[in-house]
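Architecture and fold: a report
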Amino acid sequence: MPYLKTDGDVWDLECVDRGRSGIILKLNPTRVLKAPLIIHNMDASEEEKFEADYLKDDNISFLENEKATFQRLGYYEHIVEWHALRSGRIKMKYMSYGPLSRFWQYHTPSRKQLHSWICSIAAAITYAHSRNVIVDDIAARNILIDDDQSAKLCDFTDSAVLSFDVDISQESQDGASIYTDIFQFGSLVYEIITGKRFDFDLFHPSDAEEKHGEGIIPYWPDKNQLPLISHLDYGATILKCWKRGFEDMSSVNAEIQTYDRL
Ligand SMILES: Nc1ncnc2c1ncn2[C@@H]1O[C@H](COP(=O)(O)OP(=O)(O)O)[C@@H](O)[C@H]1O
Ligand SMILES: [Mg+2]
């Protein structure tokens with residue numbers, strides 16, 4: 001399927017993967033470009049073309065948002081390394097092992113490696129919050145495995161870059177907050193430890209309320225909607241993440257470090 005540049009030309013680079021709003025194109029053996037997902041469908045009806053234009057505009061703004069987020073975050077060892085932010089594209093390091101969600105189809109990571117991934121992602125989210133960024137969309141498909149098999153956080157299309165004047169713990173954007181980030185981190189740790197996804201979506205349109213004038217209110221699960229985890233390594237921490245038991249991500253980070261003797 002041909003993917004288009006924002007000016008309408010067809011990309012002539014190999015597509016590594018695509019997500020909800022972006023495509024990843026291979027520039028050379030060590031670099032990729034992320035560009036907005038724009039699909040070319042010659043047989044589309046007028047209505048479909050209208051819808052596609054709408055999506056195109058959305059995807060362009062998602063990429064612009066990601067650029068602003070990278071600019072705020074700069075370089076950090078547990079975040080995917082970016083090299084240039086150009087018009088309609090982001091140049092990044094190519095992560096040869098792909099996303100974590102696919103890594104374990106072909107590899108069996110050791111316990112030590114799982115612990116180091118959990119620590120890296122906890123550190124990356126803590127760092128983002130310290131830069132007044134709410135990450136949002138923290139999931140195994142958005143964790144990339146580098147050549148040395150370390151884990152890096154990627155995909156900041158939905159992130160909220162807040163002004164430095166505000167107290168991030170009091171803020172939310174489209175329902176996302178540091179507490180929804182902590183919840184998603186808990187679900188990620190659950191997936192890393194059990195290999196099973198806990199796909200509870202706090203922003204599921206039919207559950208998350210959209211109150212008049214108040215924006216989206218996330219829908220938090222009841223106790224009976226959570227899997228049983230008390231017997232698991234990291235179980236107590238995961239449960240606290242799911243039940244809004246942490247004040248901030250630094251506290252989650254500190255608690256995660258205590259599992260290093262497992
Ligand atoms: N730097 C990279 N190197 C290799 N693969 C990548 C890289 N960045 C993203 N990907 C792959 O592309 C997919 C989509 O990228 P992502 O940034 O999550 O886009 P979207 O915002 O559309 O979800 C990821 O899930 C991952 O599989
Ligand atoms: Mg993604």
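Everything numeric in this text was worked out from a predicted model, so none of it was measured.

All right, on to the coordination of the magnesium ion (ligand 2) then. Here the magnesium ion (ligand 2) is held by the protein donor atoms Asn142 (OD1) and Asp155 (OD), which lie 2.1 to 2.3 Å from it. Of this pair, Asn142 sits in the loop between strand 6 (133–134) and strand 7 (143–145) while Asp155 sits in the loop between strand 8 (151–153) and strand 9 (160–161), placing them 13 residues apart in sequence. There is no split in this pair, since Asn142 and Asp155 are both buried.

Once that is clear, we can look at the site of ligand 1. Near ligand 1 there are 19 residues, and of these Asp17, Gly22, Lys34, Lys93 and Arg141 occur at the shortest range. Lys34 places a side-chain nitrogen or oxygen 2.7 Å from an oxygen atom of ligand 1. Contacts to ligand 1 include Arg141, whose backbone N or O atom sits 2.8 Å from an oxygen atom. Put simply, the parts of the chain that give the shell around ligand 1 at least two residues each are strand 1 (15–18), strand 2 (22–28), strand 3 (31–36) and strand 5 (89–93).

Note: strand 1 against strand 2, 3 bridges, orientation antiparallel. Looking at strand 2, one finds that Asp17 is bridged to Ile24. The antiparallel pairing of strand 1 with strand 2 creates a hairpin that spans 3 residues between the two strands.

Two numbers describe how helix 3 (residues 111–130) lies on helix 4 (residues 178–194): the axes approach to 11 Å, and their chain directions differ by 170°. As far as their axial angle goes, helix 4 and helix 3 are roughly antiparallel. Residues Leu114, Ile118, Ile121, Ala122, Ile125 and His129 of helix 3 form the contact with helix 4, whose own contacting residues are Ile178, Asp181, Phe185, Leu188, Val189, Ile192 and Ile193. Of the residues contributing to the contact of helix 3 with helix 4, the split by class is 11 nonpolar, 1 polar and 1 charged.

Attention shifts here to the packing of aromatic side chains. Counted by the stated rule, this structure contains 15 aromatic pairs. Aromatic side chains Phe103 and Trp117 sit 5.3 Å apart centroid to centroid with 85° between the ring planes, which places their arrangement in the edge-to-face category. With Phe103 in helix 2 (residues 100–106) and Trp117 in helix 3, this pair connects stretches of sequence that are 14 residues apart. According to the relative accessible area criterion, Phe103 is buried, its value standing at 1%. Grouping aromatic residues by their ring pairs yields a cluster made of Phe183, Tyr190, Phe198, Phe200, Tyr219, Trp220 and Trp242. Taking the ring centre of Phe164 as reference, the NZ or CZ of Arg72 above it sits at 4.0 Å.

The rules we used
- Residues numbered from 1 in each chain as written.
- Chains lettered and ligands numbered in written order.
- Predicted model: local features only at pLDDT ≥ 70, side-chain atom pairs only at ≥ 80, totals over all residues.
- Heavy atoms only, no water.
- Donors = N, O, S within 2.8 Å, 3.2 Å for Na, K, Ca; no water.
- Helix = DSSP H or I, 4+ residues; strand = E, 2+ residues; numbered from the N terminus.
- Buried < 20%, exposed > 50% of the residue type's maximum accessible area, 1.4 Å probe, protein only.
- Near = heavy atom within 4 Å.
- Polar contact = N/O pair within 3.5 Å; in protein donor to acceptor, adjacent residues only side chain to side chain.
- Pairing = 2+ DSSP bridges.
- Axes fitted to C-alpha atoms, helices over the stretch in contact; angles between N-to-C directions.
- Parallel < 35°, antiparallel > 145°, perpendicular 65-115°, else oblique.
- Contact = heavy atoms within 4.5 Å.
- Nonpolar A, V, L, I, M, F, W, Y, C, P; charged D, E, K, R; others polar.
- Phe/Tyr/Trp six-rings, centres within 6.5 Å; stacked < 30°, edge-to-face > 60°.
- Lys NZ or Arg CZ within 6 Å of the ring centre and 35° of its normal.

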